[in-house]
Each structure stands twice: as C-alpha cells, then as structure tokens.
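What follows is each chain in one-letter form.
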Amino acid sequence: MPLRPSDIATGGSTYCLAHVKDVDGCSFVIRTSKRIEDVSCYGFVVSLLSFIPYARIWRCLQYEAAVERNAALVKAVAGDTTQVTNYISFSTSLTGVGGVLLTAGALSAFGLNGSQTGAIMSCVSAVQCPGASSSKFSLIWGPPGTGKTKTISVLLLAVLTMTEKIQIKCRVLTCAPTNTAISQVASRLLSLRKQHPDAGAGAGSGRCYGDLLLFGNKQRMAVDNLLDEIFLDTRVKRLKKCFSPATGWKPCLRSLEVFLTEPRVLKYHYQQARKEKNCSNLLESSFVRSRYHAISQKLRGCVREIMSNVPRDIILEKNCKNIASLNKMLDDFGKLLGNKSVGNNIVVGVFMPTIGQKCDGSAGAAGYSGMVQTLRRNMAEILGVTRTLMRDLKLPHTSQDFKIKKFCFRSASLIFCTVSGSAKLNGQKMDLLLIDEAAQLKECESLIPLQVSGLKHAVLIGDECQLPATVKSTISDNALLGRSLFERLSLLGHKKHLLNMQYRMHPSISIFPNFSFYDKQILDGPNVTQAGHEREYLPGTMFGPYSFINIDGREDRGRSKRNMAEVAAILEILRSLKQACISTGQVVSVGVICPYAAQVEAIQGKIGDVKAMRPLVLRVNSVDGFQGSEEDVIILSTVRHCLWVLGNAATLSSSGSIWGELVKDAVERRCFFEWDDGTSASPSISHRSRLLEPERGGGASAFDICDALGSLQLA
C-alpha cells in the first residue's frame, strides 16, 4: 500500500485516478479515469494532492476576465512599460485634506529603523497618491530577520490610521502562501494594536476587532485566544446570537421597551392583590429588580458582542454614542431601582401610577414623590434611546450562517487569508493587496488574489534569495513556472525597497549569507552585536554560535535520501543539550531541519515522542516547514543564536554549488570541526571533535548537509 504520491510509481501495481468533486458527510462524488464496476476490488484510497488550488489558478489564467477586473495591475504584471516606474519620492510627511496624515516621526513609536520607515512611507505614499506617475506595485525586499512581519503590521496600521483621518474606508487584503505564515502576520498586528491602542482600526474604541477578519483552516493556523477574536467562524458564532430574530439585539431592545411600558406582570399581581384586599403587599419589588436585571444584562451582553465584532463605521458614530448612553442609563436606573428605600409602593407608583396613588396613603409625601419622578424620568430617557436605536441601527436580523458570513466579509477593512483562500472573496471589493513571502509563490499563484475586484495597488514582501516556489517538473521549471511575481517585477525594473538591518542572527551566522547573497548590504542590529546575545548551551568551541561539523557517513538512497551517521550525531547532540538544560534549569527551543523526507522520518523515528526530550522544546521538519520560524538553536538552518551544520565535507567537493563556498568560509573562520565517531563513549561531547585548521582544509571542500544538499540554496 502506498503511503505517499511518490510510492505510486513503484511496485508495478495498477491504480485508478479519481477526482473528488463533492463531499457530503461520509460520502463523496468522484470522477474516475476508468469505469469502476466493482468498488470492492479496490483495497485502499490514497490522497495524492488537493486539486482546489490548481483549479483556482486555472480560472485566474482567463486573461480577459482578469484585465476587466484590475486592468492596471494586470497590465503591470504583463510587462506594460507605462506601468513600470519607480516609487513616488516621499518627504518626512504625507499630507491630505484636513492636514498631515502620516509623519516619519509618528512611526518612531514602533521602534522602526530607517529602512523600515522608508518602506512604509513609500508604500503609503503610493496608496495615498495614485496617479499616472506611480507604480501599481511596491516591492519590499526582506532578507531573514530584517523585520518583515513587523514592517507589514505597522504598514497596515498606518494605512488604517490614514484612512480614518480622511474618513474614507480603505479595504486591505493581506495574504501569505501558508496558513502558518498568515496567522503570524495577523497575530503580530493584533499584538501591535494592544501595545498601541490609539493606532488604526477603530482607534480609541477599546476591544473592537470588527475591522479585522481572518479566515482559513483553524487547526493549521493554530488559532489561539488572541487570533480567535478575529477568526471568521468564531465571529459568525458570536454574531449569530446577536442577530437572531428570537434572541438578538432587536428582541433585546423590544423586551426592554415592553418591560418599561407594558408591565403586564404587574397588572396580574395587582389583580391578585385586589382580590385579597391587601394593597400593602401589592408587589414584591425584588421581583421587578430581578426581572430588570435579567433583561438589561442580556441586552448589555448582546451590545458588547456587537461593539467588539462589528466595525464602527457599520454601526455609525451616532449609534455608538447612543449605545454608550444607554449602557450608562441602564446602570444608573438599576442602582436607583436597587436602593433600599425603593419598596413595593414606589415600584407600583413608577410602573402603574394610578394604582400607586390608590394604594398608598402617603402618595403625596415628598420622598415618595421625588423618587417616583426620578425613576420615571430615567425610564423616559431609556425609552427614548431604545426606540432611537431600534429605528437607526441597521444590522442584520438573521440567524443564517451564510448571511452573517457575507456581512462579516463586507464589513471588514482588513482581511487575512492564504493566497489560495482569497478565491473565496469573489464578489468582494478591496483597495489594496499585500502579499507576504511573495517570493515563495509561483507567479500563477499570485494571480489568485489579483482577481479580487477593485484593487488599486499591491505590495509584495519577500526575498528571492530564500526558499523559492517548489516546482518538481523539469519542463515546468524550464518554462519558468517556478518564477515568482516578485522576481518578475524586479526584472521588469520595479525598485525593491531593501530592509537592511537584521535582528535575528548572531554576526557569526549572518556574515556568510550577507556576503554571498546580499552584497554586504545587511547590517547587524544592536541587539545581536551586544555580548548578551551570544549563548553557550554546550561546552567547547564546536558548539559556539556557528560551526560546520564534518561527518563521514554513508548516504542511503531510496525514494528519498538519508544519512544515518548524521542521525546518530544529531541524537547525541540533542541528548547532551537535554542534560545541559536539566543541569542549568534552562528551557531551550531546538529546530532540526532536513531537506529530505527520509531524513526527517529517520530522526523522528529515533527520537520517538519529542516530549521525552524536555526541557528541550524540539521540532524536526523540512526546510519549507520551518520557513519563518525562530528557535534558540538550529541544526542546519540560519536562525537565532546558534547554527550547527552537520554534513559530509567530501560528498559535494566537486558539486560547484554554494555549499563549497560555505565550507571554505567555515574553514577560514576556524568554524570547521571533524566529528569523531569512535566506538568508545566519552564523558563530554566536546571531546569527540577537533578543529580543522585552515591549512588542512584548503579551498576545495564542499559538503553534504544531512543528505547531499546539492540543489538547496542557503537563505
């Protein structure tokens, strides 16, 4: 039985290809490559791939429809030179009707560097001042650790702040290739909003997230409590109660109105009291208080959910003020009604004045009269605001999920989803498109969000020196199917705004990619150059911030590749790290990155349950599976604090790849170590290695990282 698509090609068995068209519970409709007479003859079903993204891409390739929707953007993609110009020059501020909209000084609160501020100001300028002289695309070039996600988040807040000042709604669609990547962007924006509550998306409105909307696969997005505030399914569930014709905002307002104007319950009690000829016990005031409390609390809860999940421009400012006034009035009236001096006689006098006068001999007393008048006046004010809201508040009055989803999509100013998921926004109009990790996307994939109607400008953030789009077909690769839109626009002459300061890597790690890929343009941030940034998790120079560890092991080739000698070395390093952390009481996050599935499986198989490695927080995954993540120690890749590369320095000695240059650099910087795989166990792992001197290493070395990484580029 095949476990993955690659296994289909082995074994000589015959298979039937099928396309799942529709799924209904446990049953599904399929189209097959041949007629199936007897379903029972098939022993198993294996999923090869999800066809939905490819179907969406195919629909996007209908050029005429695309041009009709977003002519200027599509022409720029197609290479229309009239659209290919550099950024509008920007000064220290952007101005509009009514004064200054955005200043570089205003961005200083976010702790940005000069390149980040410049990128944001340039993009906002292009959005604010569209014209014949401006490009329809802005490109932000973000090498690893240069704060792409932070720049995106501040940019989004800046756009929202700017549009709020001129009271023109700007709808922004933010996309990324994966669920994990887009959830990271959304999470960072929410964190920034908590730190800077007066910036954008309903500034000064407290816990209002109605302008923000995230949708997609909740499990893959790892939606936590913070992201749950803006997740579509959660919002629909909350608003369903608030919009319900039976229990929603309108029935709540109506219940309050009826309670204050039609006390049928009080009439019933009055009739019972007349039969008993006992006016002094006409009504239990506690009953009225509890009834009022139940009605007001239900209304408050409904209104609170609406104010948290519906944008202020949908509710309207006048209604927001009336809701705030009503909440205060309800609170004041409840306090008055709960006063100990308010007994049965006053309650009856307030709700049924004619009865109160007949049944209370002291009806003319000053205290009684004053309290009754105060409560009646408050009631009249509450009724006035209640009836105004019932008339002016234009919100859905439905419990149907699809209608509430449509309302949420239509209302939000900022929508987050995957690139493929943006196909669900058909019928929605957006003004600005922002694509994170744009250099990882095939150009045809970027067309999916470009189909959304109304787009006037697009901002692409990425780095073509990092992980590119995955194209397995040689024919497709030769036809440039793997080229990203980011790369195409760069070749067409669009300027890339470089984020030039990295805050993630120790300088020992950053120096090689900076020289090899970024022409020495990347600066090390002050946080990574200070002494406190360097960590020592294991003794010995081999386990400093950066090292290449040469392992002499045999490569096993099958459907994928693996090197068990490297697996053994990784396991020993992990065990030593675990013991060191237990001794010091540290909790250290470790990422083990491998480019081949077989190597990942081999390491995972030897480790077993990763929980057993605690206090290490361990992840073992492929290169693309780690994209955008950060850990304290990385074995293979270029991230925070420590980078330990394990490989065979002889395997790729004649490959002519970038890995040869990396090994040469490691030798020259005295970061190259030989791993001794002797049979005798040693008390310290540092005793099982020795530094390779530059004279011995020379310049002809190359290496195999984890399983012969001849085709992988270092990011």
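This one's a predicted model, so the numbers in the text were calculated from it and none came from an experiment. (Residues numbered from 1 in each chain as written. Predicted model: local features only at pLDDT ≥ 70, side-chain atom pairs only at ≥ 80, totals over all residues. Heavy atoms only, no water.)

Draft legend 1. Inspection of the overall build of the protein chain at higher detail. For the protein chain, the count of helices and strands is 27 helices and 23 strands. When each of the 715 residues of the protein chain is scored for burial, the buried share is 49%. Long-range pairs, those at least 24 residues apart, make up 76% of the contacts in the protein chain between residues at least 6 apart in sequence. (Helix = DSSP H or I, 4+ residues; strand = E, 2+ residues; numbered from the N terminus. Buried < 20%, exposed > 50% of the residue type's maximum accessible area, 1.4 Å probe, protein only. Contact = heavy atoms within 4.5 Å.)

Draft legend 2. Molecular detail of empty space enclosed by the protein. Within the structure shown, the criterion is met by four cavities of 30 Å³ or more. Trp 249, Leu 253, Leu 299, Val 303, Ile 306, Met 307, Ile 323, Leu 326, Leu 389 and Leu 393 together form the lining of the largest cavity. Going through the elements one at a time, helix 10 (249–261), helix 12 (285–309) and helix 14 (317–337) are the ones with two or more residues in the lining of the largest cavity. In terms of residue count, the dominant contributor to the lining of the largest cavity is helix 12 (four residues). A breakdown of the residues in the lining of the largest cavity according to their chemical character gives 10 nonpolar, no polar and no charged. (1 Å grid on protein atoms, 1.4 Å probe; cavity = no way out; pocket = protein on both sides within 12 Å on 5 of 7 lines; lining within 4 Å. Points joined across faces, edges and corners; volume = space filled by probe spheres on them. Nonpolar A, V, L, I, M, F, W, Y, C, P; charged D, E, K, R; others polar.)

Draft legend 3. Here's a closer look at the environment of Asn 322. Within the element layout of this structure, Asn 322 appears in helix 14. Separated by 64 residues in the primary sequence, Asn 322 and Thr 386 place their C-alpha atoms 8.6 Å from one another. If near-sequence neighbours (up to four positions away) are discounted, Asn 322 is found in contact with Val 385, Thr 388 and Leu 389.

Draft legend 4. Region of interest: helix 25 (residues 597–607). Among the residues of helix 25, Ala 598, Gln 599, Val 600, Ala 602, Ile 603 and Ile 607 are the ones counted as buried. Lining the buried residues of helix 25 we find strand 16 (561–562), helix 24 (564–584), strand 17 (588–593) and strand 18 (616–621). The positive-phi residue at the C-terminal boundary of helix 25 is Gly 608, with phi of around 75°.

Draft legend 5. Quick look at the environment of Ser 369. If you trace the backbone, Ser 369 turns up in helix 17 (residues 366–392). In this structure the C-alpha to C-alpha distance between Ser 369 and Gly 349, which are 20 residues apart in sequence, comes to 8.8 Å.

Draft legend 6. Region of the structure containing the pattern of salt bridges. Applying the stated criterion across every chain yields a total of 18 salt bridges. Residue Arg 254 is joined to Glu 257 by a salt bridge in which the shortest nitrogen-to-oxygen separation is 2.5 Å. With Arg 254 and Glu 257 both in helix 10 and three residues apart, this pair spans about one turn of that helix. Classification of Glu 257 by relative accessible area gives buried; the value is 10%. A single network of salt bridges, built from pairs that share partners, joins Arg 254, Glu 257 and Arg 387. (Salt bridge = Lys/Arg side-chain N within 4 Å of Asp/Glu carboxyl O.)

Draft legend 7. Fine view of the pairing of strand 9 (residues 432–435). Alternating residues of strand 9 divide into Leu 432 and Leu 434 and Leu 433 and Ile 435, and every residue in both groups is buried. When strand 9 meets strand 10 (residues 457–462), the two strands line up parallel, connected through four bridges. Residue Leu 432 lies in a different strand from strand 10, and its bridge partner there is His 457. Crossover handedness for the path strand 9 to helix 19 (residues 443–450) to strand 10: right-handed. (Pairing = 2+ DSSP bridges. Right-handed = clockwise from strand over helix to strand, strands pointing away.)

Draft legend 8. Structural context of the packing of aromatic side chains. Applying the stated rule across the entire model yields eight aromatic pairs. Centre to centre, the rings of Phe 548 and Phe 672 are 4.9 Å apart; their planes meet at 45°, and the pair counts as tilted. Here the residue Phe 548 occupies a position in strand 14 (residues 546–550), and Phe 672 occupies one in strand 21 (residues 672–675), the gap between them amounting to 124 residues. Comparing Phe 548 with Phe 672 shows no difference in burial state: the two are buried. Taken together, the ring pairs connect Trp 141, Phe 517 and Tyr 518 into an aromatic cluster. Directly above the ring of Trp 141 sits Lys 496, whose terminal nitrogen or CZ lies 3.9 Å from the centroid. (Phe/Tyr/Trp six-rings, centres within 6.5 Å; stacked < 30°, edge-to-face > 60°. Lys NZ or Arg CZ within 6 Å of the ring centre and 35° of its normal.)

Draft legend 9. Expanded view of helix 5 (residues 148–165). The end-to-end C-alpha distance of helix 5 is 26 Å, a good match for the 26 Å that 18 residues give at a rise of 1.5 Å each. Counting buried positions along helix 5 gives 13 out of 18 residues, so the element sits mostly inside the fold. Residue Gln 167 follows helix 5 closely and has a positive phi angle near 55°. (Expected span 1.5 Å × (residues − 1).)

Draft legend 10. Highlighting the sheet that holds strand 8 (residues 414–418). Pairing is parallel across the open sheet formed by seven strands, whose spatial order is 7-8-6-9-10-5-11. Each end of this open sheet is capped by a strand with a single partner; those strands are strand 7 (212–214) and strand 11 (496–498). For this sheet, the mean inter-axis angle between neighbouring strands, taken without regard to orientation, is 20°. Across the face of the sheet, helix 5 comes into contact with strand 6 (172–176), strand 8, strand 9 and strand 10 while running at roughly 170° to strand 9. (Axes fitted to C-alpha atoms, helices over the stretch in contact; angles between N-to-C directions.)

Draft legend 11. Seen up close, a nonpolar patch on the surface. Judged by side-chain polarity, Leu 17, Leu 48, Leu 49, Phe 51 and Tyr 54 come together as a nonpolar surface patch covering roughly 510 Å² of accessible area. Residue position: Leu 17 is located in the segment before strand 1 (18–24). Residue Leu 17 is classed as exposed on the basis of its relative accessible area, which comes to 53%. (Patch = residues over 30% accessible without salt bridge, like charges linked within 9 Å, V, L, I, M, F, W, Y side chains within 5 Å. Areas by Shrake-Rupley, 256 points an atom, 1.4 Å probe, with all protein chains shown as cover.)

Draft legend 12. Representation of the packing of helix 5 against helix 6 (residues 179–195). At a minimum axis distance of 9 Å, the contact between helix 5 and helix 6 shows a crossing angle of 60°. The angle between helix 5 and helix 6 falls in the class oblique. Here helix 5 runs over helix 6; the crossing is right-handed. Touching Thr 149, Lys 150, Ile 152, Ser 153, Val 154, Leu 156 and Leu 157 of helix 5 are Gln 184, Val 185, Arg 188, Leu 189, Leu 192 and Arg 193, all from helix 6. (Parallel < 35°, antiparallel > 145°, perpendicular 65-115°, else oblique. Left-handed = near helix turned anticlockwise from the far one by under 90°.)

Draft legend 13. Representation of the side chain of His 457. Considering the arrangement of structural elements, one finds His 457 in strand 10. In terms of polar contacts, His 457 uses its side chain to reach the side chain of Ser 138, at 2.8 Å. (Polar contact = N/O pair within 3.5 Å; in protein donor to acceptor, adjacent residues only side chain to side chain.)

Draft legend 14. Spatial organisation of the packing of helix 24 against helix 25. Where helix 24 meets helix 25, the axes come as close as 10 Å, and the angle between the chain directions of the two elements is 45°. One way to sum up the angle between helix 24 and helix 25 is to call them oblique. Two packed elements cross with a definite hand, and for helix 24 against helix 25 that hand is right-handed. For the pair helix 24 and helix 25, contact is made by Met 564, Glu 566, Val 567, Ile 570, Leu 571 and Leu 574 and by Gln 599, Ala 602, Ile 603, Lys 606 and Ile 607, respectively. A breakdown of the residues in the contact of helix 24 with helix 25 according to their chemical character gives eight nonpolar, one polar and two charged.

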